[in-house]
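Tertiary structure, described
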Amino acid sequence: MTAPERLLATQDIATLFDAQRAASRTDQQVALSIRLDRIERALAMMVAHCDRLCAVMSADFGTRPKEQSLAIDITATIDSLKTARRNLHKWMRPERRAANFPMGILGVRAHVHHRPLGVVCIIGAWNFPVGTVTVPMAGALAAGNRVLIKPSEMTPRTAAALADAVAEFFAQDEVAVVTGDASVGRQLTSLPFDRIVFTGGATTARHIMRAAAEHLVPLTLELGGKSPVIVGNRADLPQAARQIMFGKLLNAGQVCVGPDYVLVPKPLREALVSELVAATARMFPRMHGNPDYTDIATDAHRQHLRALLADARDKGARELVINPANEPLEVPGSGKILPRLLFDVDDDMAVMQQEIFGPILPVLGYERIDEALDYVNARPRPLALYYFGHDAREAKRVIDGTVSGGVTVNDVLLHAAQEQVPFGGVGASGFGQYRGFDGFREFSTPQAVLRQSRLNLVWGLLRPPYTPFKLRALRALVSR
Ligand code: NDP
């Protein structure tokens, strides 16, 4: 990947931040009309720059189908913006709450106002280089914030195009993009933002948490990890295989919520494997040169995947390369890694210790569903969990018997593409959620507003001088 260097000096970043912060402090409420205007401009930006953004994403990856960029980076953002536009007047309404007994009956009125945080920093990942910054941007703008964005430098053309697009539609003190490498990320995270939204890996997340601690900056961490697929006894295997391989090979496996490994009842394993191979061949009759099959983004990432495979093979794993057209495994100049299924894997292998983030799918057998649940529960809580099977009791057991950021039953990725349910991780897969109302709340601060009545009777019992009557009345509140 080569691209224009657009490093900003430390001073520029601090100046940008100061301007956004000053602007955010002069308008603490941010009226509905102002928020809607920003959302409209963000929509106009996405529409006007859609083709260019898709083109630069393809160029940055080598090959990346436009359909994929449209669906995941562009229309996901448009969905979030339109949902906010439609619902913002309701979301912004102060929520009426009941005041504590007996204050409510003594005339106290309680409300929660969702106030803007101020300035939100959004640091994105390279795998969906637009969507990982623009989807949270939609929520942050809806909540009335100023936004400073840092896309990944791994996709530099995309970062530059996004910076141009934002500069065309927003004043710098509203939304701005800073580009550059991790050092720019470090400069950003040293500033006293009102929230940092980070999408990326757990190692970087630890650096960010340490940096954010300095100014007590709250974080939304959208991380990854190993998202399991559990195939049940009553799964429709051809359908399950089709969806598993679709999820696994979307963006060539470089998807945070992509299936990482499959757990299948041992008696069904051979049949599932045949279906996984057949489903792959139907989607991708050939791999190298196929514009529908995304390249692995960089040489370093290809090397990493090869190292995972070599380590697994050395430690006894069996590998099945899915190669419908019998192509050479490596073709000079091709950025693709052919899909593989792995068998006989164990915890000593790096492939079972790390998020794979590529077109490699370990397939593990289990005897009883409890064994599959124990396997998942013995490991860090996943970002996504998938269950395939037409057995409602078993599905309930899987849903209730595991904790993950989100679950999809009889499909993949679906829960991550919704505006009406929150998207986020748990434990090692992150914390904090966005999309729809959940994103609006994440990027707002709930402010309690209590109104005393004219009679002001509440503190009478507590205001000295104390009398036996006051003590008896307070004592009466101590009850079960
Ligand atoms: P990284 O953690 O390497 O980087 C993420 C971002 O952080 C990049 O913009 C990077 O900059 C920046 N960065 C790196 N170091 C620092 C630092 N010290 N301080 C501040 N910023 C820094 O993640 P990847 O880009 O490799 O993304 C892959 C990971 O993201 C996977 O684990 C995947 O599962 C996860 N992910 C999670 C998603 C979710 O929504 N939960 C969605 C998409 C991906 P630069 O790249 O310029 O060096």
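So, here is what we can say about the structure in this document. Keep in mind that what you see is a predicted model, and the values were worked out from it rather than measured.

Below, the discussion takes up the site of the ligand. Within the structure, the ligand sits among 30 residues, and G124, S152, E153, T204 and E355 are positioned closest to it. Taking E153, its main chain carries an N or O atom lying 2.8 Å from an oxygen atom of the ligand. With respect to the ligand, the backbone of G201 contributes an N or O atom lying 2.8 Å from an oxygen atom. About the coverage of the ligand: the protein hides 89% of its 910 Å² of free accessible area. Mapped by element, the contributors of at least two residues to the shell around the ligand are helix 6 (182-189), strand 6 (195-199) and helix 7 (202-213). Its residues assigned to classes, the shell around the ligand shows 12 nonpolar, 12 polar and six charged.

A complete count under the given rule lists two cavities of 30 Å³ or more for this structure. Volume-wise, the largest cavity comes out at about 80 Å³. Contributing to the lining of the largest cavity are 16 residues, with S80, A138, G139, R435 and G436 lying nearest its centre. With five residues, the top contributor of residues to the lining of the largest cavity is helix 4 (residues 131-142). Along the lines of polarity and charge, the residues of the lining of the largest cavity split into nine nonpolar, five polar and two charged. When its volume is computed, the second largest cavity comes out at roughly 50 Å³. In this structure, the second largest cavity is lined by G225, K248, G253, V255, C256, G258, P259, D260, E355, I356 and F357. Here the residues of the lining of the second largest cavity are counted per class, giving five nonpolar, three polar and three charged.

Take T402: it is sitting in the loop between helix 13 (392-400) and strand 14 (406-409). Of the residues examined, T402 reaches a relative accessible area of 8% and is grouped as buried. Placed 25 residues apart in sequence, T402 and N377 show a C-alpha to C-alpha distance of 6.5 Å. Excluding its chain neighbours within four sequence positions, the residues that come into contact with T402 are L373, V376, N377 and L385. Among the polar contacts made by the side chain of T402, one reaches the main-chain carbonyl oxygen of V398 at a distance of 2.7 Å.

What follows concerns a nonpolar patch on the surface. Taken together, the side chains of F101, I105, W459, L462, Y466, L474 and L477 present a nonpolar region at the surface, about 800 Å² in accessible area. In this structure, Y466 sits in the loop between strand 18 (444-451) and helix 15 (468-475).

Basis of the calculations
Residues numbered from 1 in each chain as written. Predicted model: local features only at pLDDT ≥ 70, side-chain atom pairs only at ≥ 80, totals over all residues. Heavy atoms only, no water. Near = heavy atom within 4 Å. Polar contact = N/O pair within 3.5 Å; in protein donor to acceptor, adjacent residues only side chain to side chain. Areas by Shrake-Rupley, 256 points an atom, 1.4 Å probe, with all protein chains shown as cover. Helix = DSSP H or I, 4+ residues; strand = E, 2+ residues; numbered from the N terminus. Nonpolar A, V, L, I, M, F, W, Y, C, P; charged D, E, K, R; others polar. 1 Å grid on protein atoms, 1.4 Å probe; cavity = no way out; pocket = protein on both sides within 12 Å on 5 of 7 lines; lining within 4 Å. Points joined across faces, edges and corners; volume = space filled by probe spheres on them. Buried < 20%, exposed > 50% of the residue type's maximum accessible area, 1.4 Å probe, protein only. Contact = heavy atoms within 4.5 Å. Patch = residues over 30% accessible without salt bridge, like charges linked within 9 Å, V, L, I, M, F, W, Y side chains within 5 Å. Salt bridge = Lys/Arg side-chain N within 4 Å of Asp/Glu carboxyl O.

Without other data, these values stay purely geometric and don't point to any function.
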